[in-house]
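Examining the three-dimensional arrangement
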Amino acid sequence: MSARTAMLADIRSNLAKSAPFEALYHHLQPSTRLQKPSVSNVSSTDLADQFATELSAVGGEVYRSSNEEQAIDLITGTLGEIGAKRVAISDMSLRESKAFEGIDLIQDPSREELFAVDAGISTAQLAIAETGTLVLRSSMETHRLVSLVPPVHICVLNTANIKLSMSDVLEELSSKIDPTITFITGPSRTSDIELTLAIGVHGPKRLIVILID
Amino acid sequence: MQAQTAENFDKNARAAIDDPVLQGALQNLATTFGTRRKAAIATVPDWEASRESARSIKAEVLGQLDEYLVAFADNAEANGARIHWARDAKEACSIVIALVKERGVEMVVKSKSMLTEEIHLNAALEAEGIEPVETDLGEWIIQLAGETPSHIVVPAIHKTKAQIAELFAEKVGTDREAGVDELTATARRILRQKFAEATVGISGVNFGIAESGSILILENEGNVRLTTSLPKTHIAVMGIEKLLPRFTDLAVFLELLPRSGTGQRLTAYQSIITGTKKTESNEGPDELHIVLVDNGRSKMLAHPVTRQSLACIRCGACLNACPVYQSVGGHAYGAVYPGPIGAVITPQLEGLAKAKQLPYASSLCGACREVCPVKIDIPELLLHLRAEITEGTANGVAADEKVGRGVGERLAFKLYGSFWKTPGRYRFLLKIARATQRLVVRDGKVGSVSGLLASVAPPLGAWTAWRDAPAVAPESFRELWKRELKNGGNSQ
């Protein structure tokens, strides 16, 4: 008998031994589903404001722009401010933009390059306003490591893609689930030593989000 | 601390209470996490409805666990993952070791996983010449120290910054005066070299989704993302109880878990992994192996009370809220899972005989039940296990074991019952008590039974060592009442 067969048989025989769970927990209802407030009556500006407030509260930095050119200006400004010399960029469409000309961006970085760069630039495909969370889908953002390995992560997000809640985002993702979906809420953190907060333990020390309205 | 076992909970607990360093750390834990949790759950519109929803989703999964497991395995494999089935710890370790050996590596990076602690995977890997490197900061600290986790969420909570600085100075050569930021930076630097080399990464799983074959892992540090995206091979070790039916069920659990665990609205990262990458250009592992582990879990399905244990999402809230855990810390429990949930899981996983003190390591105050995000009735479970210890049950945890306080205790309580049920016998007993109590009464109280009496009746000594009872009054209220009536009721 294979381990699979044996384990399933064990589960079935133990379930059969038990008195009905429902008899003991009489108030059991078939999966209560929570009703979340609808997104329709919240404007994308309000959602962007809420997103920025929540992300700032957990140590992220948020800058607003009204088009791609402005966004790239903000990115180059940030790269200058942190003195970034080597920068990795994910396969986002923005990387073809003329405004990036003159900056030496590493496309499709190798592992060695990734560990040596000063910053990584990616996009986020969705976001959650309630928690200030970025959502990266591997079907559209195939470079999982650009947002993770470099000490600074710069992420570009269209405000139109900000949803109110986790429920709304999961609903949207569930129609076609990517091989990897990454939720990011602020920079990497730990409280493992005396519950004292330390930033940037394994992932980026800084998370900078450039919003495009 | 290593020698502590569940059999000696009483002795371990006493030592822990006398340890001022540990007491400071535990106080910090209770206030910090307790306060943060309260603030975080206040941001949820209807916390009680969320708990009820989570509880009922878990009940649904556990009631048809066989079907949900098959669905999960089929869907994960359809997406490119390989599923392995492990009946017990030994089988799970063998599967992981074989996978690592086939890939010809001598070092693996690991992210934090209570299940790998439970099956003692690190020791098994080391015995085969494979170096497991824990990458969660807290886990790495205790690995350097050669200790075990004392908390489900913050494994090194029992150590002070000074102790950790001392440890790092000795093991990795940092300054003895190093602060938290410097210690953290050192861990980052050293572990990055390991990440850069590693070709196999081992992780745990927080939730598995039956309908899609996805797994979700939560974290704050980024080491889970590194472990699951840098190496060519990702091995995820998962308890069979971790399943949720639907992808969208994650919403309520992601609302409950971080708030209950660390008091965060959401941890810094969640990774949802569904099979392997679909195109060559994608970064990430080529292979995903999911090891499904039973190791005593299916046995818990056999009774509706014990089945609740499998709903646990390992948030640690019951530890932080428990007056016993707050006083003795995690190591006193002498087991992988400490605190109230540990006191119910350990006896079921390791056998009542080994851990029969643990169901009594509780005042049954109910704080654990109140904070549990999935509404596990831990006091009910503790009482259920206590009953099994004294009575034994046909299908229960104790079915094949010789535990129990035996005939003596049962007889004593039968006798006690028979005297308390009949007024005549009760009054007779009071008379005897009045006549003999001067042997044990000091300052109007029945103090600890010691000396001769304790040596002829040892359970009495154990019972009275920590409990005072008022002495039996020279005259009962009923006797007083009768006497006063006779006197015409006007003496006072």
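Residues numbered from 1 in each chain as written. Chains lettered and ligands numbered in written order. Predicted model: local features only at pLDDT ≥ 70, side-chain atom pairs only at ≥ 80, totals over all residues.

Topic: the overall build of chain B
The condition that has to hold: Segments assigned H or I by DSSP are reported as helices when at least four residues long, segments assigned E as strands when at least two residues long, and all are numbered from the N terminus. Exposure criterion: with C-beta atoms placed from backbone coordinates, a residue whose C-beta has 20 or more other C-beta atoms within 10 Å is buried, one with 12 or fewer is exposed, and one in between is partly exposed. Each residue gets a C-beta atom placed from its backbone, and two residues are in contact if those atoms lie within 7 Å.
Counting its secondary structure elements, chain B contains 23 helices and 13 strands. In terms of its C-alpha atoms, chain B occupies a principal-axis envelope of roughly 100 × 55 × 45 Å. A burial count over chain B gives 49% of its 492 residues as buried. Within chain B, contacts between residues at least 6 apart in sequence are counted, and of these 72% link residues at least 24 apart.

Describing the overall build of chain A
The helix and strand inventory of chain A stands at 6 helices and 12 strands. Counting over 213 residues, chain A shows a buried share of 47%. For chain A, the proportion of contacts with a sequence separation of at least 24, taken over those separated by at least 6, is 73%.

Section: the sheet that holds strand β9 (residues 180-184) of chain A
Where we set the bar: Pairing between strands requires that DSSP locate at least two bridges from one strand to the other.
Judged by pairing direction, the sheet is mixed, and its 8 strands sit side by side in the order β8(A)-β5(A)-β6(A)-β9(A)-β9(B)-β6(B)-β5(B)-β8(B) without closing on themselves. With one partner strand each, in any of the chains shown, β8 (162-163) of chain A together with β8 (243-244) of chain B form the two edges of the open sheet. Sheet topology note: the strand β6 (residues 214-219) of chain B/strand β9 (residues 269-273) of chain B ladder contains 5 bridges and is antiparallel. Pairing of I215 of chain B across the sheet is with I273 of chain B, part of β9 of chain B.

Topic: the packing of helix α8 (residues 137-145) of chain B against helix α9 (residues 161-172) of chain B
All names here are of chain B. Selection criterion: Here an axis means a line fitted to C-alpha atoms, over the contact stretch when the element is a helix, while the angle between two N-to-C directions is reported on a 0 to 180 degree scale. Here a crossing is called left-handed whenever its near helix is offset anticlockwise from the far helix by less than a right angle, and right-handed whenever the offset is clockwise.
For the pair α8 and α9, the least separation of the axes is 10 Å and the interaxial angle reads 60°. Read as a crossing pair, α8 and α9 show a hand that is left-handed. Along its contact with α8, which presents I141, L144 and A145, the element α9 presents I164, L167 and K171.

Quick word on the environment of A54 of chain B
Residues and elements named next belong to chain B. With respect to the helices, strands and loops of the structure, A54 is situated in helix α3 (residues 47-63). With 433 residues separating them in the primary sequence, A54 and N487 have C-alpha atoms 66 Å apart. When neighbours within four sequence positions are excluded, A54 is seen to be in contact with V252, F253, L256, P373 and V374.

Topic: helix α5 (residues 89-102) of chain B
Residues and elements named next belong to chain B. The following threshold applies: The span you would expect from a helix comes to 1.5 Å times its residue count less one. As used here, the arc is the angular range of directions from the helix axis to the C-beta atoms.
Given a rise of 1.5 Å per residue, 14 residues ought to cover 20 Å, and the 20 Å separating the end C-alpha atoms of α5 matches this to within 8%. Those residues of α5 not exposed but buried are A89, A92, C93, I95, V96 and V100. An end-on view of α5 places all buried positions within 160° of arc, on one side of the element. Projecting away from the buried face of α5 at angles above 90 degrees are the exposed residues A98 and E102.

Some thoughts on the pairing of strand β2 (residues 107-110) of chain B
Here 4 bridges tie β2 of chain B to strand β3 (residues 131-134) of chain B, and the two strands are oriented parallel to one another. The residue bridging V109 of chain B from the neighbouring strand is V133 of chain B, located in β3 of chain B.

Concerning the interface of chain B and chain A
Applied cut-off: Each residue receives one of three labels: charged for Asp, Glu, Lys and Arg, nonpolar for Ala, Val, Leu, Ile, Met, Phe, Trp, Tyr, Cys and Pro, and polar for the others, Gly being one of them.
Chain B puts 78 residues into the contact, and the matching count from chain A is 60 residues. Residues that form the side of chain B that touches chain A fall into these classes: 32 nonpolar, 27 polar and 19 charged. Sheet analysis places β9 of chain A next to β9 of chain B, joined by 5 bridges and oriented antiparallel. Residue pairing for β9 of chain B: T182 of chain A is matched across the bridge by S271 of chain B.

Considering the sheet that holds strand β1 (residues 61-65) of chain A
Residue and element names in this part refer to chain A. Spatially, 6 strands are ordered β1-β12-β7-β4-β2-β3 in an open sheet, and the strand pairing comes out parallel. Strands with a single pairing partner mark the edges of an open sheet, and in this sheet they are β1 and β3 (105-107). If you compare each strand with its neighbour and ignore which way they point, the axes differ by 25° on average. With 7 bridges connecting them, strand β7 (residues 152-158) and strand β12 (residues 206-212) associate as parallel partners. Considered in β12, the bridge of H153 is made with L207. Strand contacts of helix α4 (residues 68-81): β1, β2 (87-89), β4 (119-123), β7 and β12, with the helix running at about 160° to β12, the strand carrying the most contacts.

Examining helix α23 (residues 477-486) of chain B
Across the 10 residues of α23 of chain B, 0 count as buried, placing the element largely on the outside. Once α23 of chain B ends, the next one or two residues include G488 of chain B, with phi positive near 90°.

As for the packing of helix α1 (residues 3-17) of chain A against helix α4 (residues 65-78) of chain B
Rules: Oblique is the label for any angle not covered by the other classes, which are roughly parallel (under 35 degrees), roughly antiparallel (over 145) and roughly perpendicular (65 to 115).
Packing of α1 of chain A against α4 of chain B brings their axes to within 9 Å, and their N-to-C directions diverge by 155°. Overall, the two elements α1 of chain A and α4 of chain B adopt an arrangement that is roughly antiparallel. Of the residues in α4 of chain B, those touching α1 of chain A at L8, I11 and R12 of chain A are L65, D66 and L69 of chain B. Among the residues making up the contact of α1 of chain A with α4 of chain B, the classes are represented as 4 nonpolar, no polar and 2 charged.

Some remarks on the confidence of the model for chain B
To be explicit about the condition: On a range of 0 to 100, pLDDT expresses the predictor's confidence in each residue.
The pLDDT averaged across chain B works out to 91; a share of 92% of its residues lies at or above 70. This prediction of the complex comes with two scores: 0.90 for pTM and 0.93 for ipTM.

Here's the deal with the confidence of the model for chain A
All names here are of chain A. In the predicted model, chain A carries a mean pLDDT of 89, and 90% of its residues have values of at least 70. Here helix α2 (residues 21-24) stands out as the element of chain A with the lowest mean pLDDT, 54, in contrast to strand β5 (residues 126-128), whose mean of 98 is the highest. Residue range residues 26-33 is modelled with pLDDT below 50. Its contacts to residues more than four positions away, or to other chains, number 11 contacts.

A word on the environment of Y325 of chain B
All names here are of chain B. In this structure, Y325 sits in helix α15 (residues 323-328). Using a count of 30 C-beta atoms within 10 Å as the deciding quantity, one classes Y325 as buried. The contact partners of Y325, leaving out residues within four places of it in the chain, are L319, P338 and G339.

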